[in-house]
Amino acid sequence: MALLPILCFPDPKLHTVAKPVLEVDERIRALIADMLQTMYDAKGIGLAATQVDVHERLIVIDVSEERDDPLVLINPQMVWTSDETHLNEEGCLSVPGIYDGVERFDAVTVSALNSEGKSLVIEAEDLLSVCIQHEMDHLMGKVFVEYLSPLKRDRIKKKMLKALREEQR
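This report concerns the structure included in the present document. Just so it is clear, the model here is predicted, and its values are computed rather than measured.

### Some points on the nonpolar core
Here is a general trend for soluble globular proteins: nonpolar side chains tend to be buried in one another's company.
Part 1 of the reasoning: If you look at the biggest cluster of nonpolar residues, it comprises 17 residues, and the most contacted ones within it are Ile 32, Met 35, Leu 47, Leu 58, Val 60 and Ile 74.
Part 2 of the reasoning: Looking at this core, the elements that each hand over two or more residues are α1 (26–41), β2 (58–61) and β3 (71–81).
Part 3 of the reasoning: Take this core: its biggest share by element is 6 residues, from α1.
Part 4 of the reasoning: Other than its neighbours up to four places away in sequence, Leu 47 contacts Ile 6, Met 35, Thr 38, Met 39, Val 52, Leu 58, Ile 59, Val 60, Leu 93 and Glu 135.
Part 5 of the reasoning: Of all hydrophobic cores here, the second largest spans 16 residues; its members include Leu 73, Val 108, Ala 112 and Met 136.

### A closer look at the sheet that holds strand β1 (residues 46–48)
Part 1 of the reasoning: Overall, antiparallel pairing links the 5 strands, which are arranged β1-β2-β3-β6-β7 in an open sheet. Edge positions in the sheet fall to β1 and β7 (119–125), since each has one partner strand and no second. Recorded for the sheet is a direction-independent mean angle of 40° between the axes of neighbouring strands.
Part 2 of the reasoning: On the sheet, α1 packs against β1, β2 and β3 and is oriented at approximately 40° with respect to β2.
Part 3 of the reasoning: Along the sheet, helix α2 (residues 126–139) makes contact with β1, β2, β3, β6 (107–113) and β7, crossing β7 at roughly 120°.

Rules used in this analysis
Residues numbered from 1 in each chain as written. Predicted model: local features only at pLDDT ≥ 70, side-chain atom pairs only at ≥ 80, totals over all residues. Heavy atoms only, no water. Core = buried A, V, L, I, M, F, W, Y, C linked by side-chain atoms within 4.5 Å. Buried < 20%, exposed > 50% of the residue type's maximum accessible area, 1.4 Å probe, protein only. Helix = DSSP H or I, 4+ residues; strand = E, 2+ residues; numbered from the N terminus. Contact = heavy atoms within 4.5 Å. Pairing = 2+ DSSP bridges. Axes fitted to C-alpha atoms, helices over the stretch in contact; angles between N-to-C directions.

In structure tokens:
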């Protein structure tokens, strides 16, 4: 297992639409292990392959208190969304230190493959629902700040670029 570098907004690679995983093989299982280690190390609750510059439809999530209940979704597809939505405070490992409100469905149902390539259906609500929607956005090349006003998004972009310049000194 290895820690993977996480792309940071406004890196244009974060806008790449992920392609389906064609085969759940050892390469994918190794990527899953690396993504989980990276997510846990970064104190995140979700990570999409897009964020580690792998443009395949794969996300890992763990919203458990103990951080010991990982969920792997390969080629996830939204099957159902609730009519109800609410504003959620979100953050992102690709936009460190930034949190803001995003409107999300209260509940979702998603079909996907697990790490063994077996089909599964997840009915999610609350934090898990928000996390799935957030990570699936990454697979479509969308970062949560794109839901914010252009003014807020521009301020965040400038802040992230400044932090990157300081880091490179």
